[in-house]
Amino acid sequence: MALQALQSSGVAFRKILSHFPEELSLAFAYGSGVYRQVGPSSDQKNAMLDFVFTVDDPVAWHSKNLKKNWNHYSFLKVLGPKIITTIQNNYGAGVYYNPLVMCDGRLIKYGVISTNILIEDLLNWNSLYVAGRLQKPVKIIAMNENVALRSALDKNLKSAVTTAFLMLPESFSEEDLFIEIAGLSYSGDFRMVVGEDKTKVLNIVKPNIAHFRELYGNILQENPQVVYKIQQGRLEIDKSPEGQFTQLMTLPKTLQQQINHIMDPPGKNRDVEETLLQVAHDPDCGEVVRLGVKKSVVYSSLKLHKMWKGWLRKTS
């Protein structure tokens, strides 16, 4: 199962986790502090560790965390856990971040997201923020037996593969595929235009091909629309209109809706399936899908960027 590739038994991560309330449906670490990257983020030893904590009851969790880690929060701590949860659920990408925290001798930042909101993002790509993080290798430190969450995690990986297939030619390398997948959540991301390294996606993929292969290998081998030549590291996919229509029909709902908005002339109001059938026959199918992904990401990334600027101003 693909999820097994995400599992980690890292003692250092679990020690950090012990400083927080235990009621987590999922906890994972990601970024340059976890997996080696080339370029400006290559200093793993001193890199900030990034975490996401998924919780069933954010109000209860923040209430306990405020008692344990009052100093982690910005001025919003005085407003209490209900207000913090309201901000978490309704601003940015459904995540509340506490940045620049010293914990167990390491500088960390951690985001808190509701289990239900994460499941919706994994299935539908409402923001592709946390779902996008989970399309790349991460270290899962804790995960409970929530069947719906586990199923959504797996579906998110399959959706990433299908979306990348639609944007790639008939034949391509593993590296080509993993670059497309790693770039999904950065498409239209404001930070990739202003401020962050433009080669970030390459820097993530190149040192971690083996981790991507471990994460996606089973999905690729079981997909009936792809010929996966493992020894050569090459793949061939069905680019017929019928094959592309099958792929388009399994895309996350938000991406399908964005494609429909791009292709649907004003006043015609076609249903999504009719639009996707047209796109499947379009020579520019891949570019339409790419634009749909970009539009899915751009709104949430701008909201999150504004939120981050506000948070850092308040905590500086």
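Coordinates for the structure precede this section.
This structure is a prediction, so every number in the text was calculated from the model and none was measured. (Residues numbered from 1 in each chain as written. Predicted model: local features only at pLDDT ≥ 70, side-chain atom pairs only at ≥ 80, totals over all residues. Heavy atoms only, no water.)

**As for the packing of aromatic side chains**
Next, step 1: With the rule as written, the count across this model stands at 13 aromatic pairs.
Next, step 2: For the ring pair Phe178 and Phe212, a centre distance of 5.4 Å and an interplane angle of 25° mean the geometry is stacked. One end of the pair, Phe178, is in helix H7 (residues 174-183); the other, Phe212, is in helix H10 (residues 209-222), with 34 residues separating them in the sequence.
Next, step 3: Note on Phe178: relative accessible area 0%, which makes it buried.
Next, step 4: A residue is classified by how much of its surface remains accessible, and Phe212, at 0% relative accessible area, is buried.
Next, step 5: The ring of Tyr129 carries Arg133 above its face, with NZ or CZ at 4.6 Å from the centroid. (Phe/Tyr/Trp six-rings, centres within 6.5 Å; stacked < 30°, edge-to-face > 60°. Helix = DSSP H or I, 4+ residues; strand = E, 2+ residues; numbered from the N terminus. Buried < 20%, exposed > 50% of the residue type's maximum accessible area, 1.4 Å probe, protein only. Lys NZ or Arg CZ within 6 Å of the ring centre and 35° of its normal.)

**Brief notes about the sheet that holds strand E7 (residues 226-229)**
Next, step 1: With antiparallel pairing, the three strands of this open sheet are ordered in space as E6-E8-E7. If you trace the sheet from one side to the other, it starts and ends with strand E6 (171-173) and E7, each paired once. Across the sheet, the mean angle from the axis of one strand to that of its neighbour is 20°, orientation sign disregarded.
Next, step 2: Here E7 pairs with strand E8 (residues 234-237) via four bridges, running antiparallel. Residue pairing for E8: Lys229 is matched across the bridge by Arg234.
Next, step 3: The strands touched by H7 within the sheet are E6, E7 and E8, with E6 carrying the most contacts at an inclination of about 80°. (Pairing = 2+ DSSP bridges. Axes fitted to C-alpha atoms, helices over the stretch in contact; angles between N-to-C directions. Contact = heavy atoms within 4.5 Å.)

**Details of the environment of Pro283**
Next, step 1: Within the fold, Pro283 resides in the loop between helix H13 (272-280) and helix H14 (285-315).
Next, step 2: For Pro283 and Pro241, which are 42 residues apart along the polypeptide, the C-alpha to C-alpha distance reads 9.4 Å.

**As for the pattern of salt bridges**
Next, step 1: One pass over the structure, following the stated rule, counts ten salt bridges.
Next, step 2: A salt bridge links Asp104 to Lys15; its shortest N-O distance comes to 4.0 Å. On the criterion of sequence distance, the pair formed by Asp104 in the loop between strand E3 (95-103) and strand E4 (106-114) and Lys15 in helix H1 (residues 11-17) is long-range, its members being 89 residues apart.
Next, step 3: Residue Lys15 is classed as partly exposed on the basis of its relative accessible area, which comes to 45%.
Next, step 4: Linking Glu180 and Arg290 is a salt bridge whose minimum nitrogen-to-oxygen distance equals 3.1 Å. Note that Glu180 is positioned in helix H7 and Arg290 in helix H14, a separation of 110 residues in sequence.
Next, step 5: Each of Glu180, Glu287 and Arg290 takes part in salt bridges that share partners, so that together they form one network. (Salt bridge = Lys/Arg side-chain N within 4 Å of Asp/Glu carboxyl O.)

**Digging into a nonpolar patch on the surface**
Next, step 1: Residues Trp70, Phe75, Val78, Leu79 and Ile83 make up a contiguous nonpolar surface patch of about 500 Å² in total accessible area.
Next, step 2: Classification of Val78 by relative accessible area gives exposed; the value is 64%. (Patch = residues over 30% accessible without salt bridge, like charges linked within 9 Å, V, L, I, M, F, W, Y side chains within 5 Å. Areas by Shrake-Rupley, 256 points an atom, 1.4 Å probe, with all protein chains shown as cover.)

**Topic: the nonpolar core**
Next, step 1: Core analysis: the largest hydrophobic core is formed by 65 residues, its most contacted members being Phe28, Val130, Leu177, Tyr216, Leu248 and Ile259.
Next, step 2: If we ignore the near neighbours within four places in the chain, the residues touching Ile259 are Leu248, Leu251, Thr275, Leu276, Val279, Val288 and Val289.
Next, step 3: In terms of nonpolar packing, the next biggest core, distinct from the first, is built from 26 residues, Phe13, Leu17, Val55 and Cys103 among them. (Core = buried A, V, L, I, M, F, W, Y, C linked by side-chain atoms within 4.5 Å.)

**Here's the deal with the packing of helix H12 (residues 253-263) against H13**
Next, step 1: Two elements in contact, H12 and H13, have axes separated by 9 Å at closest approach and are oriented at 75°. In terms of axis orientation, H12 runs roughly perpendicular to H13. Across the interface between the two elements, Gln256, Ile259, Asn260 and Met263 of H12 pack against Val272, Thr275, Leu276, Gln278 and Val279 of H13.
Next, step 2: The residue inventory of the contact of H12 with H13, partitioned by class, reads five nonpolar, four polar and no charged. (Parallel < 35°, antiparallel > 145°, perpendicular 65-115°, else oblique. Nonpolar A, V, L, I, M, F, W, Y, C, P; charged D, E, K, R; others polar.)

**With respect to the side chain of Thr115**
Next, step 1: Along the polypeptide, Thr115 turns up in helix H4 (residues 115-124).
Next, step 2: Residue classification places Thr115 among the buried residues on the basis of a relative accessible area of 2%.
Next, step 3: Of note is the side chain of Thr115, whose polar atom sits 2.7 Å from the side chain of Ser25.
Next, step 4: Residues contacting Thr115, with those up to four places away along its chain left out, are Ser25, Thr54, Val55, Asp56, Asn146 and Leu149. (Polar contact = N/O pair within 3.5 Å; in protein donor to acceptor, adjacent residues only side chain to side chain.)

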